[in-house]
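# Geometric and topological summary
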Amino acid sequence: MGSESGRVTRGEQSRISQWLRRKPKPDAEDPAREREALLLAVAAAGLPISPAAHPAGYRCSCDRIGCPTPARHPISFAWQTQSTTDRAQIERWARNQPAANFITATGMVHDVLDVPLEAGHSALERLLAAGIEVGPVAESGGTGDQARMLFFTATRGTPEDEDEWWPCELDCHPETMDEHPGLRWHCRGSYVLVPPAALPGDLAVTWLRGMEHPLVDPLTLLETLTDACATYAGASDRAPATVAWPLGR
């Protein structure tokens, strides 16, 4: 009997195999945990975030009739002061608002160069082939000019002469972006969605290059992105590519 005590019987092996098959997936494969981890990675890199609206079918979760930017805008009007990198606060938001998207306020730590998706893919390929450092890059789903690529960069900061600085909203406010189909430079006073974010029509905002890539100076990317936008505009017989950015850059 003693010789049997250290063995695992065939019946016990079968029960263990069944238990292993039923064992819950690791947290890394849990969508809620994965979402929280991605948001915390954004905050750990110093980018402040706050909750945003989310899709409600093909509409926006907000109560605004005919919302012009469904699931793409902050929940609070105080999003600039509400945005934070505090881990505990972000965990509370993520767990208490599981459907919410999140935005990051630009112009404090980082800026975002926002281009049409087709132009973005072309520019990214050229930049990497040339050995130019590229920071985090996200892809935002949509059709036509709504399909975008977001290049996250370091902010240029506030120049010594404040008279030379224009906030982003004077050129390109998040709710009037359709007027700027070319390159949009999100800086002070603006925001973008951060992945993972859901959009109406089963679309999404996802990372192509995550926050493990350090932020770079936007000027190192600007010429390539501008050229790609001009090529995109010419190929689609659009008006010349517009560039919406603040002066003093």
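The structure we're discussing is the one just above.
Residues numbered from 1 in each chain as written. Predicted model: local features only at pLDDT ≥ 70, side-chain atom pairs only at ≥ 80, totals over all residues. Heavy atoms only, no water.

## Details of the pattern of salt bridges
Counting across every chain of the model gives 5 salt bridges. Between E91 and R87 there is a salt bridge, with the nearest N and O atoms lying 3.1 Å from each other. Here E91 and its partner R87 are both found in helix α5 (residues 87–96), 4 residues apart, which amounts to about one turn of the helix. A relative accessible area of 18% means that E91 is categorised as buried. Residue classification places R87 among the exposed residues on the basis of a relative accessible area of 52%. (Salt bridge = Lys/Arg side-chain N within 4 Å of Asp/Glu carboxyl O. Helix = DSSP H or I, 4+ residues; strand = E, 2+ residues; numbered from the N terminus. Buried < 20%, exposed > 50% of the residue type's maximum accessible area, 1.4 Å probe, protein only.)

## Here we look at helix α3 (residues 31–44)
In a regular helix each residue adds 1.5 Å, so 14 residues correspond to 20 Å; α3 covers 20 Å between its end C-alpha atoms and thus fits that length. Of all the residues in α3, the buried ones are R35, E36, L39, L40, V42 and A43. Taken around the axis of α3, the buried residues stretch over an arc of 155°, which confines them to a single face. More than 90 degrees from the buried face of α3, the exposed residues found are P31 and A44. Where the residues of α3 are buried, they touch β1 (49–52), α5, β4 (101–105), β9 (191–194) and β11 (203–209). Residue G46 follows α3 closely and has a positive phi angle near 95°. (Expected span 1.5 Å × (residues − 1). Arc of directions from axis to C-beta. Contact = heavy atoms within 4.5 Å.)

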